[in-house]
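Notes for the structure review
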Amino acid sequence: VCQDVVPSNSPVGAQFPFSGIDDRENWPTVFYNRTCQCQGNFMGYNCGECRFGYTGPNCTDRRNMIRKEIFRMTTAEKDKLIAYLNLAKRTTSPDYVIATGTYEQMNNGSDPMFADINSYDLFVWLHYYASRDAFLEDGSVWADIDFAHEAPGFLPWHRFF
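Residues numbered from 1 in each chain as written. Predicted model: local features only at pLDDT ≥ 70, side-chain atom pairs only at ≥ 80, totals over all residues. Heavy atoms only, no water.

Under an unreviewed UniProt entry, the protein chain has the name Tyrosinase and belongs to Rana temporaria. Annotation of the protein chain in UniProt includes, under Cofactor (unreviewed entry), the sentence "Cu(2+)". (UniProt positions renumbered as here; feature names shortened; annotations may be inferred.)

1. Notes on the state of the cysteines
One pass over the full model with this rule turns up three disulfides. Across the disulfide, C38 is cross-linked to C47 (sulfur-sulfur distance 2.2 Å). Residues C38 and C47 share a disulfide whose torsion about the S-S bond is about -90 degrees; that sign makes it left-handed. With a sulfur-sulfur separation of 2.1 Å, C50 is cross-linked through a disulfide to C59. (Disulfide = S-S within 2.5 Å.)

2. Digging into the confidence of the model for the protein chain
Of all residues in the protein chain, 91% attain a pLDDT of 70 or more, and the chain-wide mean is 83. Predicted confidence in the protein chain is weakest over helix α3 (residues 154–160), with a mean pLDDT of 68, and strongest over strand β6 (residues 61–62), with 96. (pLDDT = per-residue confidence, 0-100. Helix = DSSP H or I, 4+ residues; strand = E, 2+ residues; numbered from the N terminus.)

3. Quick word on the packing of aromatic side chains
Where two aromatic rings form a pair, the distance of their centres and the angle of their planes describe that pair. Applying the stated criterion across every chain, the model contains one aromatic pair. Relative to Y129, the ring of W125 has its centre 5.3 Å away and its plane inclined at 10 degrees; by these criteria the two rings are stacked. Taken together, the residues span about one helical turn, with W125 and Y129 both in helix α2 (residues 119–131) at a distance of four residues. Judged by relative accessible area, which is 24%, W125 ranks as partly exposed. (Phe/Tyr/Trp six-rings, centres within 6.5 Å; stacked < 30°, edge-to-face > 60°. Buried < 20%, exposed > 50% of the residue type's maximum accessible area, 1.4 Å probe, protein only.)

4. A closer look at the pattern of salt bridges
Scanning the entire structure with this criterion turns up two salt bridges. For the salt bridge of R34 with D4, the shortest nitrogen-to-oxygen distance reads 2.8 Å. One end of the pair, R34, is in strand β2 (residues 34–36); the other, D4, is in strand β1 (residues 2–4), and 30 residues separate them in sequence. Note that E77 and K68 form a salt bridge whose closest N and O atoms lie 3.0 Å from each other. (Salt bridge = Lys/Arg side-chain N within 4 Å of Asp/Glu carboxyl O.)

Laid out in structure tokens, this is it:
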């Protein structure tokens, strides 16, 4: 089911003294204004993948995931974790690219500037994007903003990543 994206209109706290200057404020409408909502336990841009925690041909088999404390992992489990991290660094994301220029540099979107990215660096880039400084129109920098750590999404954001 496709629908318009409606950003939250919840009030922001005192930590956000500016308004309307950062593309992260109304995420994701600066990039797109419609999205599709998958039915059941499906997810992905084309609803062709199982939602996290589900598996099977119809995404109905529940798969419990346990996040184990790294200091309690066996040597074999640590080796497996490192192997998967290295694999993520060598695997190009099949679904995502990153912007390599600003909207202005892209001639207001007419000249797209995007690059492929590996799965690991995609997570790194998303974290950077959410927590980076904001660049104000007058050339100054709003250095005390952090949408990843000083916002209501902190716990689910970091649990996911």
